[in-house]
Amino acid sequence: MMSTAQRTLLVELLTEELPPKALARLGDAFADGIANGLRTRGLTTDASVITPFATPRRLAVSITNVLERAPDATIRAKVLPVSVALDADGNPTPPLAKKLAAMGFADLPVASLERAMDGKAEAFFHTYTAAGAQLADALQASLDETLGKLPIPKVMSYQRPDGETVQFVRPVHGLIALHGDTLVPASAIGLASGNKTQGHRFLSKGEVTVANADAYAATLESEGKVVASFTGRRDAIRTQLLAAAGNDHVVMPDSLLDEVTALVEWPAIYACHFEKEFLAVPQECLILTMQTNQKYFALTDKPLAEDGRLTNRFLIVSNIETGNPEQIVTGNERVVRPRLADAKFFFEQDKKKPLADRVPLLANVVYHNKLGSQFERTQRLVKLAGAIAHMIGADQDGVKLAERGALLAKADLLTDMVGEFPELQGTMGTYYARHDGEAADVALACSEHYQPRFAGDALPSSTTGTVVALADKLETLVGIWGIGLQPTGEKDPFALRRHALGIVRMLIEKRLPVMLPELLNVTYKQFTTGVADSAYLNDVYQFVLDRLRGYLREQGYAANEIEAVLADHPKYLGDLIERLDAVRAFSALPQAEALAAANKRIGNILKKTAPPADGTISPDLLLESAEKALHAALEKVTPVVEQKFEAREYAQALSALAELRDAVDAFFNDVMVMAEEDALRNNRLALLKNLHFQMNRVADLSKLAA
């Protein structure tokens, strides 16, 4: 009789310290791999709950409602087409015998096979009952599959005590496999399964026995001083950090929180201090060195987003809980001091040389071997920024600010601070430019020209920063594309998609009075050598429009609304949101569906037969009352549509078109457009052409038709 017992299954690998930046990913992959392997073999149920565990020294998973043996399954398997299984005389062929043997039914007579249609041809089928998988077998197979597919950053080889050489991300010292309180025989990486693990290296008494799979997390916590859940430890660390901060605010990026969670098994938070004199160094430098080198959490008096200022107190996450943390605190304060001193030294040294004096030295920094040095790139950026500033209507002073901002934008690449912390490029440029006495907008442009750095990032706040940011992104996009390094598939090493999206956002959200094709053309003109013929600019334009589609979808607009607005390949992007809102408002009108369908019909007619080039409508040739009525309605609506269109009151322009619905319907019901007489036919086509033009001033309404 088959056992139907459902109990919790626990699987744990006890290891040496795992790579902290990979731990969360390894933990999830281990848990998912075991669970998926058991699921495909029929050993879990819809009620099964998967709980991953990951600490610096273990990967584990708990799965509830796991069966001892999977239910038997009825399988109907195709054997072979009849034409292959039987010869001309109807006798079994060698391929049939070979196939049945491979299926485990070597002695099965042909008469036992089901003969049925399989598509257009007959085939033999065999229905049989397959015994359900045993848990031990399924777990072993799942474990082997999972360990072979883990996203291990770098595999290491090591020798087991018995001399066997094995491979894993770190040496493995133990394997637990428990179904409830029953040991499941399994092996992995030279180890046999048991029910013992190790607790915290310093806070536990050592070996911990797990009596039951359901008691795993509680046993480790109470006896081993280990919080096994990665998420649970992370939440505990966050809660303790916020409590320890008091009235201050914790600088707590997710990446740092994840990494620290992967470094401790029993987190304890302690407050430390550094000398106030270091606060004279830009706080970005201090915060970054504390986070990158020491994994410390900086504290500010207000949130950074609200211009919070760094305090000289910071928090550490220790793996040791003690009632007397003095040695831990003083040790960490002693360790951080040289790091902060280095930052202070770099800052003081860098200030001795103005940014402007570093610009010629960019000639020694390669940008790309086909596009020259960073100095040559800077020269292009200066000319391009000046041109863009002029295009958006800046006065002469504004043009000079843009050119100066572009000149200094990349100079901080040659500073000691950026050499030590590349993440601070731009930020340090702003500090040094201010120290050099540069104009406020020029200093700000040194950092703002990198914005937006990622999806959702803020746009440059200043006009100069916006212009230099546009120039920087356009130069990269046009230049890199021009040497044949456009994105392919998921590969985009120069982040051209991000640059294109940044261009889109600035043009739309800043409402810059400039045409996208003109920007691409003026950018192309800055390249004297290296890039391809300018024909590729159309591909770049289409690429930017694709990013624009994605941006608009994220704003909540429907695909047909977006395509209606982009159908005519807009050059000016500053009013697209108003056009989209107008299209959405028009779609809600009761006349919209009929007018959109009529617009689509008109477009199809004009594609097949265009009217004469001048498109003049002769009132004398309007014979039918329906075409006279449509002409009169169009004459009445046209001035309104044009006036609203010029005023960019797009919603009102489209709503005015709603008055044409009855006249348009009557025209198509009563008038034959393709009349036999040339003059009559051309006049009606001209009427439709004028109607089509007015209907599509704001957007291509045919895209709204079902």
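Residues numbered from 1 in each chain as written. Predicted model: local features only at pLDDT ≥ 70, side-chain atom pairs only at ≥ 80, totals over all residues. Heavy atoms only, no water.

As named in an unreviewed UniProt entry, the chain is Glycine--tRNA ligase beta subunit, taken from Pandoraea sputorum. For the record of the chain, the UniProt heading Sequence similarities (unreviewed entry) holds the text "Belongs to the class-II aminoacyl-tRNA synthetase family." (UniProt positions renumbered as here; feature names shortened; annotations may be inferred.)

(A) Representation of the sheet that holds strand β5 (residues 114-118). As summarised here, the arrangement of the three strands in space is β4-β6-β5, forming an open sheet in which the pairing is antiparallel. Since the sheet does not close on itself, it has two edges, and those belong to β4 (73-81) and β5, each with one partner. Within the sheet, the average angular offset between the axes of one strand and its neighbour, ignoring direction, is 40 degrees. With five bridges joining them, β5 and strand β6 (residues 121-130) adopt antiparallel strand pairing. The partner of Asp 118 across the bridge, within β6, is Ala 121. (Pairing = 2+ DSSP bridges. Helix = DSSP H or I, 4+ residues; strand = E, 2+ residues; numbered from the N terminus. Axes fitted to C-alpha atoms, helices over the stretch in contact; angles between N-to-C directions.)

(B) The arrangement of the packing of helix α8 (residues 283-294) against helix α9 (residues 326-350) in detail. The contact between α8 and α9 brings their axes to 10 Å, and the two run at 135 degrees. Considering the angle they form, α8 stands oblique to α9. Crossing of α8 against α9: the hand is right-handed. Contacts between α8 and α9 involve Leu 286, Thr 289, Met 290, Asn 293 and Gln 294 from the former and Val 335, Val 336, Arg 339, Leu 340 and Ala 343 from the latter. Taken together, the residues of the contact of α8 with α9 break down into six nonpolar, three polar and one charged. (Parallel < 35°, antiparallel > 145°, perpendicular 65-115°, else oblique. Left-handed = near helix turned anticlockwise from the far one by under 90°. Contact = heavy atoms within 4.5 Å. Nonpolar A, V, L, I, M, F, W, Y, C, P; charged D, E, K, R; others polar.)

(C) Geometry of the domain arrangement of the chain. By the assigned domains, the chain splits into domain 1 (6-70 + 134-223), domain 2 (74-130), domain 3 (230-352), domain 4 (356-556) and domain 5 (576-704). Relative to domain 5, the C-alpha centre of domain 2 lies at a distance of 66 Å. (Domains from an automatic or database assignment.)

(D) Expanded view of the side chain of Ser 373. Positionally, Ser 373 belongs in strand β20 (residues 372-373). Not counting chain neighbours up to four residues away, the residues in contact with Ser 373 comprise Leu 362, Ala 363, Val 365, Val 366 and Tyr 367.

(E) Structural detail: the layout of surface pockets. Considering only enclosed or pocket space, the largest pocket measures out at about 1200 Å³ in volume. Residue lining of the largest pocket: 32 residues in total, with Glu 284, Leu 304, Leu 424, Thr 427 and Arg 453 positioned closest to the centre. The set of elements that each furnish at least two residues to the lining of the largest pocket consists of α7 (254-261), α8, α14 (427-435) and α15 (440-448). Among the residues making up the lining of the largest pocket, the classes are represented as 11 nonpolar, 10 polar and 11 charged. Two domains each put at least three residues into the lining of the largest pocket: domain 3 (230-352) and domain 4 (356-556). The computed volume of the second largest pocket comes to approximately 360 Å³. Around the second largest pocket, the lining is made up of 16 residues, and of these Lys 410, Tyr 450, Asp 472, Arg 498 and His 499 lie nearest the centre. Elements represented by at least two residues in the lining of the second largest pocket include exactly α16 (463-482) and α17 (496-509). (1 Å grid on protein atoms, 1.4 Å probe; cavity = no way out; pocket = protein on both sides within 12 Å on 5 of 7 lines; lining within 4 Å. Points joined across faces, edges and corners; volume = space filled by probe spheres on them.)

(F) Structural context of the packing of α16 against helix α18 (residues 516-524). Direction vectors running N to C along α16 and α18 enclose 70 degrees, while the axes themselves pass 9 Å from each other. When the axis of α16 is compared with that of α18, the two are roughly perpendicular. Residues Leu 474, Glu 475 and Val 478 of α16 lie in contact with α18, whose contacting residues are Leu 519, Leu 520, Thr 523 and Tyr 524. Here the contact of α16 with α18 is composed, by residue class, of five nonpolar, one polar and one charged.

(G) Inspection of the nonpolar core at higher detail. Residues Ile 388, Leu 477, Leu 507, Leu 548 and Leu 691 are the most contacted members of the largest nonpolar core, which totals 102 residues. Per-element tally for this core: the top contributor is α16, with 10 residues. Here this core spans two domains, and each of domain 4 (356-556) and domain 5 (576-704) adds at least three residues to it. In this structure Leu 548 touches Val 504, Ile 508, Leu 566, Leu 573 and Leu 576, once residues within four positions along its chain are discounted. Judged by nonpolar contacts, the second largest core, of 41 residues, contains Ala 31, Leu 135, Leu 147 and Ala 262. (Core = buried A, V, L, I, M, F, W, Y, C linked by side-chain atoms within 4.5 Å. Buried < 20%, exposed > 50% of the residue type's maximum accessible area, 1.4 Å probe, protein only.)

(H) Geometry of the environment of Asp 350. Its location among the elements puts Asp 350 in helix α9. Judged by its relative accessible area of 3%, Asp 350 falls in the buried class. What Asp 350 contacts, discounting residues up to four positions off in sequence, is Arg 358, Thr 415, Asp 416, Met 417 and Tyr 432. Within the local environment of Asp 350, its side chain forms a polar contact with the side chain of Tyr 432, the two groups lying 2.6 Å apart. (Polar contact = N/O pair within 3.5 Å; in protein donor to acceptor, adjacent residues only side chain to side chain.)

(I) Inspection of the pairing of strand β9 (residues 172-179) at higher detail. Taken across its eight residues, β9 has seven buried, putting it largely inside the fold. Taken together, the seven bridges between strand β1 (residues 6-15) and β9 define a ladder with antiparallel strand orientation. Across the sheet, residue Val 11 finds its bridge partner in β9, namely Ala 177. Direction of pairing for β9 relative to strand β10 (residues 182-183): antiparallel, over a ladder of two bridges. Within β10, the position partnered with Leu 178 by the bridge is Leu 183. Here β9 folds back onto β10, and the loop between the two strands holds two residues, one of which, Gly 180, carries a positive phi near 65 degrees.

(J) Molecular detail of empty space enclosed by the protein. Applying the stated criterion across every chain, the model contains one cavity of 30 Å³ or more. Reported here for the largest cavity is a volume of approximately 50 Å³. Forming the walls of the largest cavity are Pro 452, Phe 454, Ala 455, Gly 456, Arg 498, Leu 501, Gly 502 and Arg 505.

(K) Expanded view of the UniProt feature "domain: DALR anticodon binding" (unreviewed entry) in the chain. According to UniProt, the feature "domain: DALR anticodon binding" (unreviewed entry) maps to residues 601-704 in the numbering used here. From the first C-alpha to the last, residues 601-704 spans 12 Å; its make-up is 63% helix and 0% strand.

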